Amino acid sequence: MEGLILLILGVIFLPVYILVARAAEKKPPTESKDTRPPVQRLRVKRTTCPNCGSPVMDRGAGWECGWCGDSGYY
């Protein structure tokens, strides 16, 4: 009787176990079908000081050189 119960349980749970094992297998990644347009990044304006050539700090509509103290407007 116990053998028959184990046989019935095996017949029920073996296909479930096989399905779970196949679902858990790692599948190779597929190409994503992303239809969104690419993100456009803002470009940072990098300005150098015309007097000494060092990078300048943006100050609203103008700039200021931290090395020589020169400043101006864009």
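Structure: see above.
Along each chain, the written sequence defines residue order, and numbers are assigned to residues from 1. Whole-chain, interface and lining totals are the exception, using all residues; otherwise, since this is a predicted model, local features are given only for residues with pLDDT of at least 70 and side-chain atom pairs are given and counted only at 80 or more. No hydrogens and no water enter the side-chain calculation; it runs on all heavy atoms of the structure.

Description of the overall build of the protein
Put simply, the test is: Labels follow the DSSP assignment, with helices taken as runs of H or I lasting at least four residues and strands as runs of E lasting at least two, numbered in each case from the N terminus. Classification of residues uses two cut-offs on accessible area relative to the type maximum, computed with a 1.4 Å probe and protein chains only: under 20% is buried, over 50% is exposed, and between them is partly exposed. In what follows, a contact means two residues having at least one pair of non-hydrogen atoms within 4.5 Å. Reported accessibility uses the Shrake-Rupley method at a 1.4 Å probe radius. Residues are deemed covered only where the shown protein chains occlude them.
Broken down by element type, the protein carries one helix and three strands. Along the chain direction, N to C, the helices and strands of the protein fall in the order α-β-β-β. Taking all 74 residues of the protein together, 9% fall into the buried category. Pairs at least 24 residues apart make up 5% of the contacts formed inside the protein by residues separated by at least 6 positions. Accessible surface computed for the protein: about 7500 Å², of which carbon and sulfur atoms make up 61%.

Things to note about the sheet that holds strand β2 (residues 62-65)
Worth spelling out the cut-off: Being paired, for any two strands, means DSSP has found at least two bridges between them. Working convention: axes come from line fits to C-alpha atoms, limited for helices to the stretch in contact. Angles between N-to-C directions cover 0 to 180 degrees.
Judged by pairing direction, the sheet is antiparallel, and its three strands sit side by side in the order β1-β2-β3 without closing on themselves. Of all strands in the sheet, those with a lone pairing partner are β1 (56-59) and β3 (71-73), marking the two edges. Strand-to-strand, the axes of this sheet are offset by a mean angle of 25°, without reference to chain direction. Relative to β2, β1 is paired through four bridges, and the arrangement is antiparallel. Residue Val56 lies in a different strand from β2, and its bridge partner there is Cys65.

All we've got here are geometric facts, nothing functional implied.
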